[in-house]
There are 2 protein chains.
Amino acid sequence: MKKLINAPEDVVREALEGMQAAHADRLRICFDPFYVVRKDATAKGKVALVSGGGSGHEPMHGGFVGYGMLDAACPGHVFTSPTPDQMYEAGKAANGGAGVLQIVKNYTGDVMNFDMAADMLRDEGIAVESVLTDDDVAVEDSLYTAGRRGVGLTVLMEKLLGAAAEKGMDLAGLKALGDRIRASGRSMGMALTPCTVPHLGKPSFELAENEMEVGIGIHGEPGRHRVPIAKADEVAAMLMEPVLSDLPFKAGESIILFVNGMGGTPLIELYIVYRKAAEIAAKHGLTVSRSLVGSYITSLEMAGTSVTALRCDDTLLGLWDAPVNTPALRWGV
Amino acid sequence: MKKLINAPEDVVREALEGMQAAHADRLRICFDPFYVVRKDATAKGKVALVSGGGSGHEPMHGGFVGYGMLDAACPGHVFTSPTPDQMYEAGKAANGGAGVLQIVKNYTGDVMNFDMAADMLRDEGIAVESVLTDDDVAVEDSLYTAGRRGVGLTVLMEKLLGAAAEKGMDLAGLKALGDRIRASGRSMGMALTPCTVPHLGKPSFELAENEMEVGIGIHGEPGRHRVPIAKADEVAAMLMEPVLSDLPFKAGESIILFVNGMGGTPLIELYIVYRKAAEIAAKHGLTVSRSLVGSYITSLEMAGTSVTALRCDDTLLGLWDAPVNTPALRWGV
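Residues numbered from 1 in each chain as written. Chains lettered and ligands numbered in written order. Predicted model: local features only at pLDDT ≥ 70, side-chain atom pairs only at ≥ 80, totals over all residues. Heavy atoms only, no water.

### Notes on the overall build of chain A
Across its full length, chain A holds eight helices and 14 strands. What you see for chain A is a C-alpha radius of gyration of 19 Å, in line with the 20 Å of a compact globule of 333 residues. In terms of principal-axis extent, the alpha carbons of chain A reach across some 55 × 50 × 35 Å. The buried share of chain A, taken over its 333 residues, is 65%. The contacts in chain A between residues at least 6 apart in sequence include a share of 74% that link residues at least 24 apart. Surface accessibility of chain A: about 10,800 Å² in total, with carbon and sulfur atoms responsible for 52%. Side chains of chain A carry 31 positive and 42 negative charges; the gap between the two charge centres is 5 Å. (Helix = DSSP H or I, 4+ residues; strand = E, 2+ residues; numbered from the N terminus. Rg over C-alpha atoms; globule rule 2.2 N^0.38 Å. Buried < 20%, exposed > 50% of the residue type's maximum accessible area, 1.4 Å probe, protein only. Contact = heavy atoms within 4.5 Å. Areas by Shrake-Rupley, 256 points an atom, 1.4 Å probe, with all protein chains shown as cover. Lys, Arg positive; Asp, Glu negative; His and termini not counted. Charge placed at Lys NZ, Arg CZ, Asp CG, Glu CD.)

### So, a nonpolar patch on the surface
Together, B:Met112, B:Met116 and B:Met120 make up an exposed nonpolar region whose accessible area comes to about 270 Å². Relative to the assigned elements, B:Met116 resides in helix 3 (residues 108–123). (Patch = residues over 30% accessible without salt bridge, like charges linked within 9 Å, V, L, I, M, F, W, Y side chains within 5 Å. Salt bridge = Lys/Arg side-chain N within 4 Å of Asp/Glu carboxyl O.)

### Remarks on the relation of the copies chain A and chain B
You can overlay chain A on chain B at an RMSD of 0.0 Å; the transform is a turn of 180° with a shift of 0.0 Å along its axis. Here the symmetry operator amounts to a two-fold rotation axis. If distances are taken from each C-alpha of chain A to the rotation axis, the shortest is found for A:Gly264, at 2.0 Å. When the interface residues of chain A are mapped onto chain B, 100% of them are again interface residues, pointing to one common binding face. (Least-squares fit on C-alpha atoms with pLDDT ≥ 70 in both.)

### Topic: the packing of helix 7 (residues 267–283) of chain A against helix 1 (residues 11–22) of chain B
Look at helix 7 of chain A against helix 1 of chain B: their axes get within 7 Å of each other, and the N-to-C directions meet at 65°. Compared by their axis directions, helix 7 of chain A and helix 1 of chain B come out roughly perpendicular. Judged by the twist between their axes, the crossing of helix 7 of chain A over helix 1 of chain B is left-handed. On the side of helix 7 of chain A, the interface is formed by A:Ile268, A:Tyr271, A:Ile272, A:Tyr274 and A:Arg275, while helix 1 of chain B contributes B:Val11, B:Glu14, B:Ala15, B:Glu17, B:Gly18, B:Met19, B:Ala21 and B:Ala22. (Axes fitted to C-alpha atoms, helices over the stretch in contact; angles between N-to-C directions. Parallel < 35°, antiparallel > 145°, perpendicular 65-115°, else oblique. Left-handed = near helix turned anticlockwise from the far one by under 90°.)

### Looking at the layout of surface pockets
If a probe the size of a water molecule is rolled over the atoms, the empty space left behind becomes visible. Empty space within the second largest pocket amounts to approximately 1,200 Å³. Lining the second largest pocket are 43 residues, and of these A:Thr193, A:Pro194, A:Glu301, B:Thr193 and B:Pro194 lie nearest its centre. Of the residues contributing to the lining of the second largest pocket, the split by class is 19 nonpolar, ten polar and 14 charged. (1 Å grid on protein atoms, 1.4 Å probe; cavity = no way out; pocket = protein on both sides within 12 Å on 5 of 7 lines; lining within 4 Å. Points joined across faces, edges and corners; volume = space filled by probe spheres on them. Nonpolar A, V, L, I, M, F, W, Y, C, P; charged D, E, K, R; others polar.)

### Here's the deal with the side chain of B:Arg186
Residues and elements named next belong to chain B. Within the element layout of this structure, Arg186 appears in strand 7 (residues 185–191). Looking at Arg186, its side chain comes within polar contact range of the side chain of Asp246, at 2.7 Å. Sequence-distant contacts of Arg186, defined by excluding residues within four places in its chain, comprise Asp135, Val137, Arg148, Val243, Asp246, Leu247, Phe249, Val307, Thr308 and Ala309. (Polar contact = N/O pair within 3.5 Å; in protein donor to acceptor, adjacent residues only side chain to side chain.)

### A few points about the domain arrangement of chain A
All names here are of chain A. Along its sequence, chain A is carved into domain 1 (14–184) and domain 2 (185–322). Distance from the C-alpha centre of domain 1 to the C-alpha centre of domain 2: 22 Å. Between domain 1 and domain 2, the contact holds 37 residues from the first and 41 residues from the second. Summing both partners gives a buried area of about 3,200 Å² for domain 1 against domain 2, and 66% of it is carried by carbon and sulfur. It is Phe79, Leu156 and Ser184 in domain 1 that bury the most area against domain 2; as a group they hold 19% of the surface buried on that side. Our count for the contact surface shared by domain 1 and domain 2 stands at two salt bridges. Residue Asp246 pairs with Arg148 through a salt bridge whose shortest N-O separation is 2.7 Å. Scanning the region where domain 1 abuts domain 2 turns up 18 residue pairs in polar contact (both at pLDDT 80 or more). Secondary-structure elements contributing two or more residues to the side of domain 1 that touches domain 2 are helix 4 (153–166) and helix 5 (171–184). Examining the composition of the side of domain 1 that touches domain 2, we find that seven residues originate from one element, helix 4, more than from any other. Looking at side-chain class alone, the side of domain 1 that touches domain 2 contains 21 nonpolar, six polar and ten charged residues. (Domains from an automatic or database assignment. Buried area = accessible area lost by both parts, 1.4 Å probe.)

### Examining empty space enclosed by the protein
What the rule picks out here adds up to two cavities of 30 Å³ or more. Taken together, 13 residues line the largest cavity, and the ones lying closest to its centre are B:Val151, B:Gly189, B:Ile218, B:Met262 and B:Ser306. Here the lining of the largest cavity takes three residues from strand 7 of chain B, the largest share from any one element. Residue classes in the lining of the largest cavity are distributed as six nonpolar, six polar and one charged. Forming the walls of the second largest cavity are A:Asp136, A:Val151, A:Met188, A:Gly189, A:Ile216, A:Ile218, A:Asn260, A:Met262, A:Ile297 and A:Ser306. When the residues that make up the lining of the second largest cavity are grouped by side-chain class, the tally is six nonpolar, three polar and one charged.

What follows is the structure, given as structure tokens:
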């Protein structure tokens, strides 16, 4: 297993210690239980945004904690849901008196544990709402999911809701906006190579030298089909066409187009995929109003890419452009 | 060869087309010859900063073009120096009347071609100075270099000189500042896996399942030694100790600490390396005043890391904190 780690059981804690050391100016990290929270406490009257999920998808979610995005994030062990305890403590630490909005990717463990944490927080008189992402069009149910998996849209959701919360939107407004974003975005991904979970020590699946997996999940869960490696333009089409036809996106609409790297794919390849994805969007009569290209929701060192399209209006574009200051996404401040 | 590309000969052009599509708001890309230039022309009276080098190290350098950093960048073919023609055209396009500062990594082809381009620009009455980076302590000469290789310090150099140029520093001042930065920074890298240049189609070298290469260059050039895989903490020490003892950095000094990913290494591992690198710096009595963790100067999909330490004072810290707005580094704006 070729990894820059010490012991597999220390990976999450030591990575958090590294984050703490690198970003002590803006993040505070709790180690018992694990959560990442903004150093400047949530402003009074501002809804606290809390997300979380298994580790191994970095920078998501800890790298999105900061002004204009999340107030707290709970990292589970690699590819393992965080516990209700973590989510409860993170919610309590982040709460600024205006309630907590949980942003939850649709995986059975995440959903169940965030539900339990919500109940625990409500027992203490804290108002809690949850927004789900289930944007992956590849499969209807999967290894870890009833219904569709939550993937790339989560990054956009966290940015947009973070901006709205910063502008003072209340809990009910954020819940409604989150549901609208959920209904307006779709994603699909693929992999050229598997990845290795540190405590397992071997690749979670096998792909032959000439194979790729189309529709893969962010934990290496099987996708739609395993096919011979294709050119980047064909790959972009295999991902974009199902994404665009699912919602469906309609000619004349404006979108945010996000081409994501799975962790082991160089940026030069992501731009080649983006080139074709943008061309396909244009052919469908869509205007790409904003773009994001980079590795933001990953699967350890997996080589591959995913595309996310989000239908947007001036409200969402304004929220996208609003200042953000996190380790992984930063502009305007 | 598992890559998201179309044809190997189209990789650089198509990636540039993707960059153009994704960043049309701030970049303009010339395709004959290849160069990336700020969309807003260099302000009158501002020195134009131009860099470049082989492709395959993305986001360097094209991803660093924008306000507060580079005015133009010349991408060569993968791991191949750009031509004097590219550098000349980029310099002419970026020149705002106050001259051109070339930032050149110490590789024989880059140095020779930037020299020729400088002569061509001077023939047209444009003042040109050059600053070299040769911060890699691993080897004295290498496959492509007389003297030390220029690596991670280049990223910091481009940020710092870019900020100084934006503040109105003249060509002579920038040259002197660049030489000071060159003398104040050191780097070293390692790889767990090789990478594959698209037009070669196979890995540029071999590493056994239990081996790593310490002191490797950003083109997979041999380093100091090939050794059994070690823990992340040991790797951090193998890189930091030679870096710190070379300058040498002295107790009481302040540094910018940059832990870079080689392209195929997940962020979670880089934070584990950063954790130990920062601890080693502290043990040497150094204050880490600023940090950068991420994949900014890469070798395609190579798995590995490099560390860069730059001695800094309040002037350099002020330049580091100054606003920057490029595809790959952005804050304050």
